[in-house]
Amino acid sequence: MIRYFKLVFVLLSAALLSCNLDKDKSFADMAVTATFEAAELPAAGFVRDKSYTEHVAKFENVYDETYDYWHGFAVSSCTDAVTASSENQYSVYGRGGANGSEKFGVCYYDGMEPSTVRFGIRVDMKGVWVNNSTYAALVMRDGNRFARKFESGDWFKLTIAGYADDELRGSVDFFLADFRDGKTFICNEWTRVDLSPLKGVNRLDFTIDSSDKTQEWINTPTYACIDDLAYGYRIEY
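Residues numbered from 1 in each chain as written. Predicted model: local features only at pLDDT ≥ 70, side-chain atom pairs only at ≥ 80, totals over all residues. Heavy atoms only, no water.

(A) Structural detail: the pattern of salt bridges. Enumeration according to the criterion identifies 14 salt bridges in this entry. As a salt-bridge pair, Arg122 and Asp165 come within 3.2 Å of each other at their nearest N and O atoms. In this pair, Arg122 is assigned in strand 8 (residues 115–131) and Asp165 in the loop between strand 9 (155–164) and strand 10 (167–178), connecting sequence segments 43 residues apart. Take Arg122: its relative accessible area is 42%, and that puts it in the partly exposed class. Here Asp165 falls in the partly exposed class, since its relative accessible area comes to 46%. Across the pair Arg203 and Asp166 runs a salt bridge whose closest N-O atoms are separated by 3.3 Å. Of this pair, Arg203 sits in strand 13 (residues 201–210) while Asp166 sits in the loop between strand 9 and strand 10; the two residues are 37 residues apart in sequence, bridging distant segments of the chain. Accessibility expressed as a relative area gives 12% for Arg203, which makes it buried. In this structure, a network of salt bridges that share partners links the residues Arg148, Asp154 and Asp212. (Salt bridge = Lys/Arg side-chain N within 4 Å of Asp/Glu carboxyl O. Helix = DSSP H or I, 4+ residues; strand = E, 2+ residues; numbered from the N terminus. Buried < 20%, exposed > 50% of the residue type's maximum accessible area, 1.4 Å probe, protein only.)

Following this line, the structure appears as structure tokens:
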């Protein structure tokens, strides 16, 4: 019996000590928005051959110098809304970045590897603003030699999946074009997407899918524009 009471006393003491230590800690909730405005762009108006880091978020870029090929994320300020070709792959289908800004991110999904944002710590996602690229929007509207003009039943979807290391915490879909159920929607303005279900993540994977495929290969240009990626985390001091 004495041994039992000693054990209870030790456990209670440890719990009280833990509570006292917690009282001595101070925390601050940080709110961060990646705006891309700090990126240095050349006269061409885009950078597509290196990753971009803002605060604890790294927008990964994979560039092959031999073939002059890239996928992942580029940073741009291009706004050509009339040229429907791959030469115009860095333009947003709008007048600039989200919320009156100049710069934004361009996501290119190569159909195999997701476009990835990595965070140096675990974060709780808040939201992101998205829009079509001019290239994708005009091809969906008019078609070209590779992809058809969108018709009833077609769709074009961006999926954002959040991971804690390799554990999937959830995903969010946004339709950049939707011709289902009588709709003829092609996104042509910055729209906020709620990412609050993605909590405690340190990686976001962006993928794009379309109803227009040939043997599972996507015909629609797999580009999307993003801006003002917002997230939060807690620090101890």
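(B) Quick peek at the nonpolar core. Phe59, Met125, Leu204 and Leu229 are the most contacted members of the largest nonpolar core, which has 46 residues in total. Top contributing element to this core by residue count: strand 8, with six residues. Of all hydrophobic cores here, the second largest spans 15 residues; its members include Tyr90, Tyr108, Trp190 and Tyr223. (Core = buried A, V, L, I, M, F, W, Y, C linked by side-chain atoms within 4.5 Å.)

(C) Inspection of the packing of aromatic side chains at higher detail. Going through the model one piece at a time under the given rule, you end up with 14 aromatic pairs. Aromatic pair Phe36 and Phe59: ring centres 4.8 Å apart, planes at 50°, arrangement tilted. Here Phe36, found in the loop between strand 1 (27–34) and strand 2 (46–47), pairs with Phe59, found in strand 4 (residues 57–59); they are 23 residues apart in sequence, far enough to count as distant. Between Phe59 and Phe73, the ring centres sit 5.6 Å apart and the planes meet at 80°, which makes this aromatic pair edge-to-face. Taken as a pair, Phe59 in strand 4 and Phe73 in strand 6 (residues 69–76) lie far apart in primary sequence, 14 residues in all. Taken individually, Phe59 and Phe73 each receive the classification buried, so the pair is uniform in this respect. What links up through ring pairs into an aromatic cluster is the set Phe46, Trp70, Tyr90, Tyr108, Tyr135 and Tyr223. In this arrangement the basic side chain of Arg203 is found over the ring face of Tyr163, its NZ or CZ atom lying 4.1 Å from the centre. (Phe/Tyr/Trp six-rings, centres within 6.5 Å; stacked < 30°, edge-to-face > 60°. Lys NZ or Arg CZ within 6 Å of the ring centre and 35° of its normal.)

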